[in-house]
Amino acid sequence: MEKITANEAPVPLLGEDWFDPLEAGVRQHIRSFIEAMLESELEAVLNRGRYERAGPATGHRHGHRDRQILSTFGPTMVSVPRARLAEADGTTQEWRNQTLPAYKRLTKQAEALIAGTYLAGTNTRRVRRALGALFGGAVGKDTVSRAWRKVQGDWEAWQRRDLSQDDIVRVILDGTVVKVRLDKRSTGISVLVALGVRRDGQKVLLGLRNMGGESEAAWRAFLDDLVARRLATPDLLIIDGAPGLEAALTALWPTVPVQRCTVHKHRNLLAHAPKKLHDEVSADYTDMIYGKTVKAVEARRKAFVRKWRLKCPSVAASLEEAGANLFTFLLYPPDQWKSIRTTNAIERLHEEFKRRIKTQCLLPCAETACMLFWALLASGQITLRRVDGWDTLHVAPTDEPLDLAA
């Protein structure tokens, strides 16, 4: 008896419960569907169907060629019709279809799926494994790289975009450190981030840049790029309190109100206190910052300074260092306080970014860090929502000065 040794594709899970007749039917008909689209496009260009002879000829067919296209239904070998079109000078030109442009190997949905899987926090090898069954083993390292290069082109265009179209009323600024490979060694670089808030309350990523640190010169170069792309002067700045950033903002926008992040200041206070006092400092600070009214916050600040000047002077001095900038949020309607008090909008982006690059250990270069950060937002892996209190953004801050005397 002759043994049949047909080389069939392995089936990872056997059993009728895993057979999907709908999926199988679609995969069988996808080739004929694509070929029908190509034939319809060619008929429209030639102004007549296949084998028709009516009307003046605008060109002629000359065979077919096979092309493989990778879609979300797997690899499909398609027979693409060929034709030559007549030109006005009597010459002919090869017809190029729009359905499958030249050198097109992936559909847009397949590119998005591959890039999205990569951005979800995996690496090239794991992308190939994860999508191997879906794409019938046709996803190789080069395929993933090509999909990623498409993302890179979009990233470069985003970096040059005009910012004047967004009606920005607030700008939130912060930086984070990521590890990249420079000269074959692990090196920490700073990624500077600018997040804007439009007048309708929607948050918008304005800019990203990798720098060696967060010095005044680094921040000024970053801010100058935003201004060069026509970012209007905002109504409010929310920052983490880094000295270099404060100096750069003072030089660029000296009259714009600044809000120091209350979470960063809380960490500073704890750094100035013995560990046994951390709970007490935190309780007093939280009671002050989250007061329900302006008068309550002012009164609790005075009490905080008086108490900690005696108990731990360095804690009181750290609070007073921030000055009125720590309480700028009190000048705005109370329903906006939550969104103004902190740089948490950017901190959340930092956390999501680092969670997704955890599997990669080291990013290959500094530019990849910013591009990956942006791609997580552009692909919808991370979404930005409206800020709390967005419906009162049109309300101007009060002119009444705060009573912050101790």
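Before reading further, recall that the structure is shown in the block above.
Report follows, based on the coordinates. This is a predicted model, so every value here is computed, not measured.

Rules behind the numbers
- The residue count restarts for each chain, going from 1 along the sequence in the order it is written.
- A pLDDT threshold of at least 70 governs which residues receive local features in this predicted model, and a stricter bar of 80 or more applies before side-chain atom pairs are shown or counted, although totals over entire chains, interfaces and linings include all residues.
- For the side-chain quantities, the full set of heavy atoms in the structure was used; hydrogens and water were omitted.
- Numbering of helices and strands runs from the N terminus, with a helix taken as a DSSP run of H or I at least four residues long and a strand as a DSSP run of E at least two residues long.
- Each residue gets one of three labels from its accessible area relative to the maximum for its type: buried under 20%, exposed over 50%, partly exposed in between, using a 1.4 Å probe on protein chains only.
- Whether two residues are in contact is decided by their heavy atoms: any pair within 4.5 Å suffices.
- In these tables, accessible area is a Shrake-Rupley quantity obtained with a 1.4 Å probe, and a residue counts as shielded only by the protein chains included in the view.
- Strand pairing is assigned whenever DSSP identifies at least 2 bridges connecting the two strands.
- In this scheme Phe, Tyr and Trp rings, the latter by its six-membered ring, pair at centre separations within 6.5 Å, and the angle between planes marks the pair as stacked below 30 degrees, edge-to-face above 60, and tilted otherwise.
- Axes, fitted as lines to C-alpha atoms, cover a helix only where it is in contact. Angles between the N-to-C directions of the axes lie from 0 to 180 degrees.
- What the arc measures is the spread of directions leading from the helix axis to the C-beta atoms.
- Salt bridges are defined as contacts in which a side-chain nitrogen from Lys or Arg sits within 4 Å of a carboxyl oxygen from Asp or Glu.
- Working rule for angles: under 35 degrees goes down as roughly parallel, over 145 as roughly antiparallel, 65 to 115 as roughly perpendicular, anything else as oblique.
- Crossings are assigned a handedness: left-handed for a near helix turned anticlockwise from the far helix by less than a right angle, right-handed for a clockwise turn.
- Under the grouping applied here, Gly and all other residues not named as nonpolar or charged are polar, the nonpolar ones being Ala, Val, Leu, Ile, Met, Phe, Trp, Tyr, Cys and Pro and the charged ones Asp, Glu, Lys and Arg.

In terms of regular secondary structure, the protein chain is built from 13 helices and eight strands. Within the span of the protein chain, comprising 406 residues, buried residues form 43% of the whole. Across the protein chain, the fraction of contacts at a sequence separation of at least 24, relative to all contacts at a separation of at least 6, is 63%. Here the protein chain displays about 22,500 Å² of accessible surface, and carbon together with sulfur accounts for 52% of that area.

Once that is clear, we can look at the pairing of strand E5 (residues 185–198). Within a regular strand, side chains alternate between the sheet's two faces. Here strand E4 (residues 168–182) pairs with E5 via 14 bridges, running antiparallel. By the bridge assignment, Ile 168 is partnered in E5 with Arg 198. Taking the residues that link successive antiparallel strands as the turn, the E4-E5 hairpin has two residues, and the phi of Asp 183 there is positive, at about 55°. One ladder, built from eight bridges, connects E5 with strand E6 (residues 203–211); its direction is antiparallel. If you follow Ala 194 over to E6, its bridge partner there is Gly 207. Counted between consecutive antiparallel strands, the loop separating E5 from E6 contains four residues, among which Gly 201 sits at a positive phi close to 95°.

The next point concerns the packing of aromatic side chains. Any two aromatic rings considered together are summarised by their centre-to-centre distance and by the angle between their planes. The full count for this structure, using the stated rule, is seven aromatic pairs. Here Trp 155 and Trp 158 contribute two aromatic rings whose centre-to-centre distance is 5.6 Å and whose plane-to-plane angle is 20°, an arrangement assigned as stacked. Highlighted residues: Trp 155 and Trp 158, both in helix H4 (residues 141–159), separated by three residues, approximately one helical turn. Trp 158 gets classed as buried once you look at its relative accessible area, which sits at 14%. When the ring of Trp 158 is compared with that of Trp 374, the centres are 6.2 Å apart and the planes differ by 40°; the resulting orientation is tilted.

What follows deals with the sheet that holds strand E8 (residues 258–260). With mixed pairing, the five strands of this open sheet are ordered in space as E6-E5-E4-E7-E8. The open sheet has two free edges, formed respectively by E6 and E8, since each of these has just one partner strand. Going across the sheet, the axis of each strand differs from the next one's by a mean of 25°, ignoring polarity. The sheet contacts of helix H5 (residues 216–228) involve E4, E5 and E6, and relative to E6 the element is tilted by about 135°.

What follows concerns helix H6 (residues 243–252). Here H6 has its buried residues at Gly 244, Leu 245, Ala 248, Leu 249 and Leu 252. All buried residues of H6 lie within an arc of 130° about the axis, which places them on one face of the element. Seen from the buried face of H6, the exposed residues on the opposite side, beyond 90 degrees, are Pro 243 and Thr 250.

To continue, consider the pattern of salt bridges. Charged atoms that come close allow side chains of opposite charge to pair. Applying the stated rule across the entire model yields 20 salt bridges. In this structure, Asp 225 engages Arg 209 in a salt bridge whose closest nitrogen and oxygen atoms are separated by 3.9 Å. With Asp 225 in helix H5 and Arg 209 in strand E6, this pair connects stretches of sequence that are 16 residues apart. Looking at Arg 209, the relative accessible area reads 28%, which means it is partly exposed. With its nearest N and O atoms 3.9 Å apart, the salt bridge here joins Arg 385 to Asp 388.

Our next topic: unusual backbone geometry. Within the chain, Arg 230 stands out as a residue other than glycine whose phi angle is a positive 70°. Assessed through its relative accessible area of 51%, Arg 230 is described here as exposed.

The description of two helices packed together rests on the angle between their axes and the distance between the axes. Orientation of H5 relative to H6, taken along the N-to-C sense of each, is 45°, at an axis distance of 8 Å. Judged by the angle between their axes, H5 and H6 are oblique. As H5 packs across H6, the resulting crossing turns out to be right-handed. Note on element contacts: H6 touches H5 through Gly 244, Leu 245, Ala 247, Ala 248, Leu 249, Ala 251 and Leu 252, opposite Glu 216, Trp 219, Arg 220, Leu 223, Asp 224 and Val 227. Class assignment of the residues belonging to the contact of H5 with H6 gives a composition of nine nonpolar, one polar and three charged.

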